[in-house]
Amino acid sequence: MLPPDTSGVQLSSDEVARFARHLILPEVGMEGQKRLKAASVLCVGTGGLGSPLLLYLAAAGVGRLGIVDFDVVDHSNLQRQVIHGTSWVGKPKIESAKARILEINPHCQVDLYETALTSENALEIIRPYDLVCDGTDNFPTRYLVNDACVLLGKPNVYGSIFRFEGQATVFNLDAESPNYRDLFPEPPPPGMVPSCAEGGVVGVLPGIIGVIQATEAVKIITGIGTTLSGRLLLFDALKMSFRELKLRPSPERPVIEKLIDYQEFCGVGGSAPGQEEAGAVASVGVVELKALLDGDTSGLVLIDVRNPPEVEIAAIPGATLIPLDQIESGSAIERVRELVAGKQLYVHCKLGGRSAKALIALRRHGIEGVNVTGGIDAWSQEVDPSVPRY
């Protein structure tokens, strides 16, 4: 249970009516609702996880919510980021979130931080809050949030999602609790774990995991029930199954003494999403590729390494589909070799990350090629706007 001081905290008649279904729960009651009103929660990210988190924490009566995000609402967000609406497309996510929160609970104080969380500002931003909910989708920020929470002694309610699977737990609940470095002592190699933009995510999944995170936050604030501290909850939406793994502090985990350069720690060097490995191969821009395709194409071959469902959405004319997994497994190497014989190979995907990985894999078989920077997303923006973005 957190230490919010409820002395002097009162519920108005409107709040009593609003939170009546909480007040009649013996486990919550008036004191628990006052604790919620006195509590402050920082949510890092207002995307798939942050959306249900913020909605339900506001509805539960948390008195102060902080939001960290610097992105704007995009049409592709609306399939899962339910705090935002169509009228907010192109506008800051934090402003959209605040407007919706105040519609749900006008008694909530909403603090906005339209910035990326960094080693320079994380401690200052996190310090005033009782706990942090991690709604991020990248390893550098997850390590940053974890380490800042450890240094400040703040509980960290964690969730992550990918395709049809999600996980949730509570880190750093007390001095004996595990933290994120007990789950992932070292970050995976750059590009090893695809982003949701590359791999996809079923829209309801972040709602489920985000609501679990919100539930844990409410329990921590009110001191009821048993939290997920020490337990990693795994959810499979296709099987509709939950299972748990024990999570214990590792005696070998490093002592966190300060915040570091997390981009460097995770090996991404500040690269744009999907571009972590692009620097390892030769590259060409989409405008230059278009010029090549408009000329004599007898001496070149263009391979698309995305998955078949992506090609149904959008495609570059003349590209041959060979999914990345077939290249990495080796099953398509001979086919690629036959296509490339005596020709210049160009490879594209959605953003440029998977195509770079494909070229690195092909190089091990003696096949060289050129990566298309920005992939079909850049093609849509710079060459042919009629090609749908996704």
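Placed above this text is the structure.
Note that the structure is a prediction, hence the values are computed from the model and not measured.

Read across the sheet, five strands follow the order 9-13-12-10-11 without closing on themselves; strand pairing throughout is parallel. Each of the sheet's edge strands pairs with one partner strand only, and the pair in question is strand 9 (283–284) and strand 11 (320–321). In this structure, strand 10 (residues 300–304) lies alongside strand 12 (residues 344–348), joined through five bridges in parallel fashion. Within the sheet, the bridge partner assigned to Leu-300 lies in strand 12 and is Gln-344. Packing against the sheet, helix 12 (residues 286–294) makes contact with strand 9, strand 10, strand 12 and strand 13 (370–372), and its axis sits at approximately 130 degrees to strand 10.

Ranked by size, the top nonpolar core spans 41 residues in total, and within it Leu-57, Leu-65, Ile-101 and Leu-131 carry the most contacts. Element by element, the count of residues in this core is highest for helix 10 (residues 205–222), at eight residues. Not counting chain neighbours up to four residues away, the residues in contact with Leu-131 comprise Leu-2, Ser-40, Val-41, Leu-42, Pro-155, Val-157, Ala-217, Ile-220 and Ile-221. Val-44, Val-132, Leu-247 and Tyr-262 belong to the second-largest nonpolar core, a separate cluster that totals 26 residues.

Rolled over the atoms, a probe sized like a water molecule indicates the empty space that remains. Counted according to the given criterion, the structure contains one cavity of 30 Å³ or more. Counted as a void, the largest cavity has a volume near 40 Å³. If you trace the largest cavity, you find it lined by Leu-11, Glu-15, Phe-19, Lys-37, Gly-61, Val-62, Gly-63, Asn-105, His-107 and Cys-108. When the residues that make up the lining of the largest cavity are grouped by side-chain class, the tally is four nonpolar, four polar and two charged.

Mapped onto the elements of the fold, Thr-222 is located in helix 10. Polar contacts involving the side chain of Thr-222 include one to the main-chain carbonyl oxygen of Val-218, which spans 2.7 Å.

Now for unusual backbone geometry. A positive phi is found at Arg-163, a non-glycine position, where the angle reads about 55 degrees. Within the secondary structure, Arg-163 is located in the loop between strand 5 (156–162) and strand 6 (165–171). A residue is classified by how much of its surface remains accessible, and Arg-163, at 38% relative accessible area, is partly exposed. The phi dihedral of Asn-172 falls on the positive side, at around 60 degrees, and the residue is not glycine. By the secondary structure assignment, Asn-172 is in the loop between strand 6 and helix 8 (180–183). Using a relative accessible area of 12% as the deciding quantity, one classes Asn-172 as buried.

Once that is clear, we can look at the pattern of salt bridges. This structure, assessed with the given rule, holds 15 salt bridges. We note a salt bridge from Arg-18 to Asp-14, for which the minimum N-O separation is 3.6 Å. Here Arg-18 pairs with Asp-14, and both are found in helix 1 (residues 13–18), just four residues apart, close to one helical turn. The salt bridge involving Glu-334 is made with Arg-337; its shortest N-O contact spans 3.5 Å. Of this pair, Glu-334 and Arg-337 both sit in helix 15 (residues 333–340), separated by three residues, roughly a single helical turn.

Contact pair helix 3 (residues 29–38) / helix 10: the axes reach a minimum separation of 9 Å and the direction vectors enclose 110 degrees. Judged by the angle between their axes, helix 3 and helix 10 are roughly perpendicular. Regarding helix 3 and helix 10, the two cross each other, and that crossing is right-handed. Facing helix 3, whose interface residues are Gly-32, Arg-35 and Leu-36, helix 10 presents Val-218, Ile-221 and Thr-222. For the contact of helix 3 with helix 10, the residue count by class is three nonpolar, two polar and one charged.

Thresholds, definitions, all that
- Residues numbered from 1 in each chain as written.
- Predicted model: local features only at pLDDT ≥ 70, side-chain atom pairs only at ≥ 80, totals over all residues.
- Heavy atoms only, no water.
- Pairing = 2+ DSSP bridges.
- Helix = DSSP H or I, 4+ residues; strand = E, 2+ residues; numbered from the N terminus.
- Contact = heavy atoms within 4.5 Å.
- Axes fitted to C-alpha atoms, helices over the stretch in contact; angles between N-to-C directions.
- Core = buried A, V, L, I, M, F, W, Y, C linked by side-chain atoms within 4.5 Å.
- Buried < 20%, exposed > 50% of the residue type's maximum accessible area, 1.4 Å probe, protein only.
- 1 Å grid on protein atoms, 1.4 Å probe; cavity = no way out; pocket = protein on both sides within 12 Å on 5 of 7 lines; lining within 4 Å.
- Points joined across faces, edges and corners; volume = space filled by probe spheres on them.
- Nonpolar A, V, L, I, M, F, W, Y, C, P; charged D, E, K, R; others polar.
- Polar contact = N/O pair within 3.5 Å; in protein donor to acceptor, adjacent residues only side chain to side chain.
- Salt bridge = Lys/Arg side-chain N within 4 Å of Asp/Glu carboxyl O.
- Parallel < 35°, antiparallel > 145°, perpendicular 65-115°, else oblique.
- Left-handed = near helix turned anticlockwise from the far one by under 90°.

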